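# Notes for the structure review
Each chain, written out:
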Amino acid sequence: MQTEESWAQQFPELFAAADWPWAQVDVRYTVDRPDDGLLSNVHVIARTPEGIIACSNDLGWRFLPGGTREAGETIEELVRRELVEEAGARLLGPLTWLGGHRADHRRPTPYRPHLPHPLSYWATVVADVVLEGPPTNPEDGEQVVEVLVLPPTEAAAYLDAKDDGGHNMGSQVRLAQAMGLV
């Protein structure tokens, strides 16, 4: 069984300490799962029989479906909502933990009052889904313009082709491949 140290040696860019100036946080990726109360954001490596879902929005960002937790929302509710909003997909089964960025916040207050602060985690999970229609694109959310289903290697390359603000989503797909999750 591999350890976090061995995964970090295999995926040094993903596990390197980083600064996300846009969020005012210092981050470090971990495969250790924190208490769910510390999860503020979740992205999903959404598996279909044809491949993994990757999205892009009207600003040109490429990403795995996911987003910020609402007040009182469970992790599964967050995942279900974001899959519909950003990919037009429905969750079919349980969530499998992949890892997450431990975020040490430099802001004096949380981004939203209900979110954990000064420590939170931006998690990535793996789950089986089915595409049911276009993304719902709520007005207060990202405006998704493209939803692709790609083989894992192509999905990772697609995600790598645009800067994602340090999330390293392509590397996370490769980590999921190495762990045998996709």
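So, a few notes on the structure that sits alongside this text. (Residues numbered from 1 in each chain as written. Predicted model: local features only at pLDDT ≥ 70, side-chain atom pairs only at ≥ 80, totals over all residues. Heavy atoms only, no water.)

### Some points on the pairing of strand β8 (residues 96-105)
- Of all 10 residues that make up β8, seven are buried, and the element is covered over most of its length.
- Bridging between strand β2 (residues 25-30) and β8 involves six bridges; their strand directions are antiparallel. Bridge assignment links Arg 28 to a residue of β8, and that residue is Arg 102.
- As defined by bridge partners, β8 adjoins strand β9 (residues 119-131) across eight bridges and the pair is classed as antiparallel. (Buried < 20%, exposed > 50% of the residue type's maximum accessible area, 1.4 Å probe, protein only. Helix = DSSP H or I, 4+ residues; strand = E, 2+ residues; numbered from the N terminus. Pairing = 2+ DSSP bridges.)

### A few points about the pairing of strand β4 (residues 51-57)
- Across the seven residues of β4, seven count as buried, placing the element largely inside the fold.
- Bridge analysis of strand β3 (residues 39-48) against β4 gives two bridges, and the strand direction is antiparallel. Residue pairing across strands places Thr 48 opposite Gly 51, the latter belonging to β4.
- Between the end of β3 and the start of β4, which pair antiparallel, lie two residues.
- In the sheet, β4 pairs with strand β10 (residues 144-150) via six bridges, with the strands oriented antiparallel. Note that in β10 the partner of Ala 54 across the bridge is Leu 148.
- With two bridges joining them, β4 and strand β5 (residues 62-63) adopt antiparallel strand pairing. When the sheet's bridge partners are listed, Cys 55 is paired in β5 with Phe 63.
- What sits between β4 and β5 in their antiparallel hairpin is a turn of four residues, with Gly 60 showing a positive phi close to 90°.

The quantities given are spatial measurements derived from coordinates; they are silent on function.
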